[in-house]
Structure formats: C-alpha cells, structure tokens
Amino acid sequence: MYSKKQLKEWDKQYIWHPFTQMQDYGGTDPLIIERGEGCYLIDTEGRKYIDGISSLWVLVHGHGRKELVGAIAKQAGTLCHSTLLGLGNVPSAALAKMLVDAAPRGLKKVFYSDSGSTSVEIALKMAYQYWQQKGEKRRKRFLSFTNGYHGDTIGSVSVGGIDLFHKVYRPLLFKNYKAPSPYCYRCPLKLKRKDCGMACVEEFRRIVQRNKDEICAVVIEPLVQGAAGMITQPKGFLSAVWKISKENGLLFIADEVATGFGKTGTMFACEKESIRPDFLCIAKGITGGYLPLAATLTTEEVFSGFLGRFEEFKTFFHGHTYTGNPVACAVAIENMRLFKKEQTLKKLKGKIALLKDELRRFFDLPHVGEVRQQGFMVGIELVKNKKTKMPYPPAEKIGQKVIGEARKRGVIIRPLGDVIVLMPPLAISEKALKDLTDVAYSSIERITGG
Ligand SMILES: *Cc1c(COP(=O)(O)O)cnc(C)c1O
C-alpha cells in the first residue's frame, strides 16, 4: 500500500517520538514495525525480532492471538463506544467484576481510564478529595519514593522521583515528601545490604511520623521501581512500608501499572507480600497489549466518602471521554480468560527459573555491575568500572549501543539509561527466552568489550 521508503521518510519527517532525542533519531535508518506474530515483531523489510520488552511491558499472550483479535472484532461489530458518564455498558461491567475478583482483598470499586498516568492521577485526586470531604483539610501532600515513576502527566510527575525526567518541571509540580529508594546497589543511605537492617524503612517511618497529619497517601511501585532501571526491593520492604502507612492512618496507593498481570510471577505484586492497598493502579498488561485501557481500584471506605445528596457536590468530578471503552474492556476480559485457560502463571514458574539460570553468567562480564530480577522483570546495570561502580559517561550512550547491537541480532529491547531491560511476554517459549538472553549477553559483551 505504502512504499517502505515513503514510510521511513514520513516517520522521520512528521513523527516526534516519545522519550527519544530526535537529533539522534534523524540520523538513523528508522525501523518500522509492520506485523506481530506471537512473541516476534516483523518490520517492513520482513526482518523478524524477538519482542524482548513486550512492546514496552504490555504484551502478555503474544501478538495476533485469535481469541484476543476475535474479542475485539466481535465487540467492535456490536458497540465500539458509549459513554460511562452516568451510563453502563456490557464489557465494562463484566470486566469490573473480574478485576475485583482478581485484585487484592478489599478493593471493591473500579474507575476506568486510558493510561497508567491517568490511573495514578485518579488515585491521587481521589485520595485528596476523600480527606477533604472527611474534613481533614490539612492533608494536602503525598509521600512517594526517589527513583519512583508513575507516569508523565503533571500530577503523576509530581509524585515521580527520577530527576532526569522530572527536574525541569519542578516549578509546575505540587509539593510532596520523598522517602529514599531501596536501591541497594547504590544505597542512598550509603549502607551495605548485609547489615543495613533496612534502615530505609526506618527513614520512611520517621518521615511518616513527622508529617502524618499532612499526608493523604503513600504512593509506591510494589516490588520493582521499573522505569528507574528495574530496581528490585529487598524482601519485606513493601510489607514494612505498608504496615507503617496503615498504622499511621495513611491511604496506600499501589502503582501496579508495570508489575500487574503476571510480570513478577503472581497476578499482582502486592500478593507476594500479602498487602492490601487502598488503591490499585493498573494499565499496561490489562489488555494483554492490544488496546489502551487502565483502571484504578479502591475500597468501599474511600468510595463511600464520595456519597451524599446531589447538591452536596461530593461527586468525583473526573472522567475521560473514552473511559470504560467497550472494545478495550472486551479484549481485557479475553486477556484474563486466557490467563486461566492457558495456566499462564503456573507455566511461568519454570520460565522464571530458566531466566534466572540464564542470567547467572552475566555477572561475570567485566562491565556488568548488577543483574536484578523479579519474575519476568530484569535489569542489567552496566558500569564503566565494576569495582567503584562508576557509571559510563552519558555521551558514550552505552545502553543505546547495546540495544543497537541487539537489533542487528534480531532482538528489540530498550535501555533505561545504562540499564539493559529484559521483559519478555509471559507466553514466550523456552527456546525464544534462551535466544533473548543469548543476544543480550553477546551484545553487551561486544559493546562493552568484555
Ligand atoms: C508505564 C508506567 C506508568 C505510566 O503508564 P502510561 O500508560 O505510560 O501512562 C505509570 N506507572 C508505572 C509504574 C509505569 O511503569
């Protein structure tokens, strides 16, 4: 239909790519994806690549699954859209029931939106308004973590903690409190994991105790700080900060946009430490990577804080035009059915163990500082000097070079700074999983001269 050459030209001429330095992009030969097949992407030249980061952490059962495509086609032929503002639709109601059944105990209400950023934005606004309507007017702040990432809208950036992305916007952001990130490899408290006694938890406790009357909610990415470079939390950290939050009367927002839908090995990361958050933010994997959809789940307690006579105006005045889109909800339902039908989580156990085995040899590479894994979420941190943990100078673009090398070898991955990320689709075969780690290994070896 379109010539390959024309598409590349239009892409370069008209598209402003997200999180991409366009000055660099302009000098490259753009890669245009045309098709997806299972865990592979195929470009306009017919070249095939392993989808090594699940198309930015969304893909679950693979591309082109007939059950998922069928659900979309069927729903599209029935009803593509109808507003959820004061009106219901079939798939959004059925999906809400499934989400409540699958979520950690106590989450009973589902508020839909379209992206991870909006799912967090909604939790923040709900938590704030909840306290305002309860008469606790002093609660205007949130407590989040350094290295946290919750999306790119201004509210979610306000609770973010990645200076590289967020610093320039600081004058526009609302003020909040930041607790130290549990980044053990580069401990912000300058301690060693083996004898630190999780001092970061004590620091968190101090911040909570000092400011609890002003705090609406704690915001956290459970188990893994994804966008900061797959920073995995030490065991017990999540349950400890949850317990402290609840003991001090704070609401707890679990941002499972990245970790949800099996990425850590369980349906939700919260299950691993048996915590019951007041808000659960989900997006990315919710439709298996087929359509944009997000949801914010909350408790009966929060929900009831918004009930009142019409003229009291306790209503949650928030909603997006495409909130609860029937086609997106229909594919999300089928995605959850496939989890059951295929026993996705059960089959994942062996693959997580295999991945762990495959990753062992990376530690021996001279420029691999740390290898972090939580389920199917992996971060391989490259360093200029392994002994001193000195990072590469940004101008070396070491992460970019490694993923460029991987592309030549038939793998699409994306770095986070100097961290090479692997996050394969849950449905990946053992063979493809091995191919993925082989390519990651040889690309790192080649580029870092290890
Ligand atoms: C990706 C991500 C978001 C933002 O989701 P978008 O759909 O890109 O807006 C929020 N929180 C976490 C933890 C994420 O990984």
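Every value quoted in this text rests on a predicted model; they were computed, and no experiment measured them. (Residues numbered from 1 in each chain as written. Predicted model: local features only at pLDDT ≥ 70, side-chain atom pairs only at ≥ 80, totals over all residues. Heavy atoms only, no water.)

Focus: the domain arrangement of the chain
For the record, the criterion: For the domain bounds, the source is a domain assignment made automatically or taken from a database. Note on definitions: buried area is the accessible-area loss of two parts on being combined, 1.4 Å probe, summed for both. The salt bridge definition used is simple: a Lys or Arg side-chain nitrogen within 4 Å of an Asp or Glu carboxyl oxygen. Think of a polar contact as two N or O atoms within 3.5 Å of one another; within protein, one of them needs to be a possible hydrogen donor and the other a possible acceptor, and neighboring residues in sequence only count if both atoms come from side chains. Each helix is a run of H or I in the DSSP string that is no shorter than four residues. Each strand is a run of E no shorter than two, and both are numbered from the N terminus.
Here the chain is partitioned into domain 1 (31–61 + 346–448) and domain 2 (69–341). Placing the centre of domain 1 and that of domain 2 at their C-alpha centroids yields a distance of 27 Å. Taken as a group, W57, Q374 and M377 account for 27% of the area that domain 1 buries against domain 2, more than any other trio of residues on that side. Counting across the domain 1 and domain 2 interface gives one salt bridge. E381 is the salt-bridge partner of R186, the closest N and O atoms lying 2.9 Å from each other. Counting across the domain 1 and domain 2 interface gives eleven residue pairs in polar contact (both at pLDDT 80 or more). Residue assignment for the side of domain 1 that touches domain 2 shows that the elements contributing at least two residues are α3 (54–57), α13 (344–359), β13 (368–374), β14 (377–382) and β17 (419–422). When residues of the side of domain 1 that touches domain 2 are assigned to their parent elements, the largest contribution, five residues, is made by β13.

Topic: the site of the ligand
Spelled out, the test is: We call a residue near a given molecule or strand whenever any one of its heavy atoms falls within 4 Å of it. Only the protein chains shown count as cover for residues, and the accessible areas themselves come from Shrake-Rupley with a 1.4 Å probe. Residues are sorted three ways: Asp, Glu, Lys and Arg are charged, Ala, Val, Leu, Ile, Met, Phe, Trp, Tyr, Cys and Pro are nonpolar, and all the rest, Gly among them, are polar.
Lining the immediate surroundings of the ligand are W57, S115, G116, S117, Y149, H150, G151, E221, D255, V257, A258 and K284. Contacts to the ligand include S115, whose side-chain N or O atom sits 3.5 Å from an oxygen atom. Within the side chain of S117, one N or O atom sits 2.5 Å away from an oxygen atom of the ligand. Considered on its own, the ligand offers 380 Å² of accessible surface; in the complex 83% of this is hidden by protein. Among the residues forming the shell around the ligand, the class breakdown is four nonpolar, five polar and three charged.

Brief notes about the packing of aromatic side chains
We count it as follows: Each Phe, Tyr or Trp ring, with Trp reduced to its six-membered ring, pairs with another whose centre is within 6.5 Å; inter-plane angles below 30 degrees give stacked pairs, above 60 give edge-to-face pairs, and intermediate values give tilted ones. We call a residue buried when its accessible area falls under 20% of the maximum for its residue type, exposed when it is over 50%, and partly exposed in between, using a 1.4 Å probe and counting protein chains only. Look at NZ for Lys and CZ for Arg. If either is within 6 Å of the ring centre and within 35 degrees of the ring normal, a charge sits over the ring.
Taken as a whole and assessed by the stated rule, the structure comprises twelve aromatic pairs. Centre to centre, the rings of F111 and F316 are 5.2 Å apart; their planes meet at 75°, and the pair counts as edge-to-face. With F111 in strand β4 (residues 107–113) and F316 in the loop between α11 (300–304) and α12 (326–341), the pair connects residues that are 205 residues apart, well separated along the chain. Given the relative accessible area of 13%, F316 is considered buried. Taking 5.4 Å as the distance between ring centres and 75° as the angle between the ring planes, the aromatic pair formed by F261 and F268 counts as edge-to-face. Looking at F261, the relative accessible area reads 1%, which means it is buried. The exposure class assigned to F268 is buried, which follows from its relative accessible area of 1%. The residue whose ring lies beneath R139 is W131, and the NZ or CZ to ring-centre distance is 4.1 Å.

A look at the nonpolar core
What counts is decided by this rule: In this text, buried Ala, Val, Leu, Ile, Met, Phe, Trp, Tyr and Cys residues form a nonpolar core when linked through side-chain atoms within 4.5 Å. Contact definition: two residues touch when any of their heavy atoms are within 4.5 Å.
Formed by 90 residues in total, the largest nonpolar core has its most connected members in L99 and I380. Element by element, the count of residues in this core is highest for helix α15 (residues 430–448), at seven residues. Shared between two domains, this core takes at least three residues from each, and those domains are domain 1 (31–61 + 346–448) and domain 2 (69–341). When near neighbours in sequence (up to four residues on either side) are disregarded, I380 contacts L359, F362, V368, E370, V371, D418, V419, I420, L422 and I444.

A closer look at the packing of helix α5 (residues 90–102) against α12
Going by this rule: Axis angles are defined between N-to-C directions and span 0 to 180 degrees, where every axis is a line fitted to C-alpha atoms and, for a helix, only to the segment in contact. Roughly parallel covers angles under 35 degrees, roughly antiparallel covers those over 145, roughly perpendicular covers 65 to 115, and oblique covers all other angles. Working rule for handedness: look at the near helix, and if it is turned counterclockwise from the far one by less than a right angle, call the crossing left-handed; if clockwise, right-handed.
Close contact between α5 and α12 brings their axes to 8 Å; oriented N to C, the two are set at 40°. The pairing of α5 with α12 is recorded here as oblique in orientation. Our pair here, α5 against α12, has a crossing hand that is left-handed. For the pair α5 and α12, the contacting residues are P91, S92, A94, L95, M98, L99 and A102 in the first and P326, C329, A330, A332, I333, M336 and R337 in the second.

A look at unusual backbone geometry
In this structure, S55 is a non-glycine residue whose phi angle is positive, near 50°. Note on placement: S55 falls in helix α3. For S55, a relative accessible area of 30% gives the class partly exposed. Residues other than glycine seldom take positive phi values, yet L223 does so here, at roughly 70°. Among the secondary structure elements, L223 is positioned in the loop between β7 (215–220) and β8 (224–225).

Section: the sheet that holds strand β10 (residues 251–255)
In sheet architecture, strand pairing relies on hydrogen bonds along the backbone and comes in two forms, parallel and antiparallel. Note the cut-off: Strands pair, by our definition, only if DSSP identifies at least two bridges between them.
Judged by pairing direction, the sheet is mixed, and its seven strands sit side by side in the order β4-β12-β11-β10-β7-β5-β6 without closing on themselves. Of all strands in the sheet, those bounded by a partner on one side alone are β4 and β6 (177–179). Adjacent strand axes in the sheet meet at a mean angle of 20° when their direction is disregarded. Across three bridges, strand β5 (residues 141–145) lies against β7 in parallel orientation. Looking at the pairing, R141 lines up with I215 of β7. Strands β5, β6 and β7 of the sheet are contacted by helix α9 (residues 199–211), whose axis makes an angle of about 155° with β6.

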